[in-house]
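# Coordinate analysis (summary)
Chain residues, written in single-letter form:
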Amino acid sequence: LARLVSRQVPFSMLLHGKIGPFFAVNIAQAALMFAAGKTLVPWLGGESLALPARWDLLAIVTACTSLSAIGWGLLVAVSSRTLEQATVVGGVGTILVAAVGGIMVPRFVMPESMQGLVDLSPMAWALEGFHAVMLRQGGAADIVLPCVKLLVLATALLALALWIHQRRRVLSAAQ
């Protein structure tokens, strides 16, 4: 990064250089997980993953989930001063959002007081989108709300990350 900054590479180019590869890796990871669920899990004695007929909807939910995760990652990256700080904030934040979102403990097992928090978690939104496509064989209308929530969050996180980055640049230039 220091070399790129010293060559005065525009920040927008740096940003695209980060988002594009992370997005591609996220999509590839999702494809590998689906393939493992379909082939590897049965080979190990588990039940095969039933993939939906609507691959396009699965791809849309996966892309929206990826964009919100990238937004979170960028916000953590620009907000953190050290690698250790980013690791702790990113890791703990992800675990908390997963726990509240029904990823670690299903919603119906949670106490009533916690069940209301589930709807505030982006992981719950992603889970709802995946459930709509994979479990309920839903259509495009069934994934609109979860995907819109994820995209709004991705936009907000990216905007906040850009604002923090710009503010830091202005403050460091003034010093």
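In this text, all values refer to a predicted model and were calculated from it rather than measured experimentally.

### Examining the side chain of Ser80
- Turning to its location among the elements, Ser80 is positioned in the loop between helix 3 (55–79) and helix 4 (83–100).
- In terms of polar contacts, Ser80 uses its side chain to reach the backbone carbonyl oxygen of Val76, at 2.7 Å.
- Beyond its immediate stretch of four places on either side in the chain, Ser80 contacts Gln85, Ala86 and Arg168.

### Points about the confidence of the model for the protein
- Confidence in the prediction for the protein averages 86 pLDDT; 93% of positions are at 70 or higher.
- Across the protein, the secondary-structure element scoring lowest on mean pLDDT is helix 1 (residues 2–6), at 66, and the one scoring highest is helix 3, at 92.

### Some points on the nonpolar core
- Phe34, Leu58, Val61, Phe130, Val133, Met134 and Ile143 are the most contacted members of the largest nonpolar core, which totals 15 residues.
- Of all the secondary-structure elements, those providing two or more residues to this core are helix 2 (11–43), helix 3, helix 6 (122–134) and helix 7 (140–174).
- Ranked by residues supplied to this core, first place goes to helix 6 with six residues.
- Contact partners of Met134, with chain neighbours within four places excluded, come to Phe34, Leu49, Ala50, Leu51, Pro52 and Leu58.
- Membership of the second largest hydrophobic core comes to eight residues, among which are Val78, Leu157, Ala161 and Ile164.

### Topic: the packing of helix 3 against helix 4
- Orientation of helix 3 relative to helix 4, taken along the N-to-C sense of each, is 145°, at an axis distance of 9 Å. In this structure, the crossing between helix 3 and helix 4 has a hand that is right-handed. Contact with helix 3, carried on its side by Trp72, Val76 and Ser79, involves Gln85, Ala86, Val89, Gly90, Gly93 and Thr94 of helix 4 and no other residues of that element.
- For the contact of helix 3 with helix 4, the class distribution of residues is four nonpolar, five polar and no charged.

Definitions and cut-offs
Residues numbered from 1 in each chain as written. Predicted model: local features only at pLDDT ≥ 70, side-chain atom pairs only at ≥ 80, totals over all residues. Heavy atoms only, no water. Helix = DSSP H or I, 4+ residues; strand = E, 2+ residues; numbered from the N terminus. Polar contact = N/O pair within 3.5 Å; in protein donor to acceptor, adjacent residues only side chain to side chain. Contact = heavy atoms within 4.5 Å. pLDDT = per-residue confidence, 0-100. Core = buried A, V, L, I, M, F, W, Y, C linked by side-chain atoms within 4.5 Å. Buried < 20%, exposed > 50% of the residue type's maximum accessible area, 1.4 Å probe, protein only. Axes fitted to C-alpha atoms, helices over the stretch in contact; angles between N-to-C directions. Left-handed = near helix turned anticlockwise from the far one by under 90°. Nonpolar A, V, L, I, M, F, W, Y, C, P; charged D, E, K, R; others polar.

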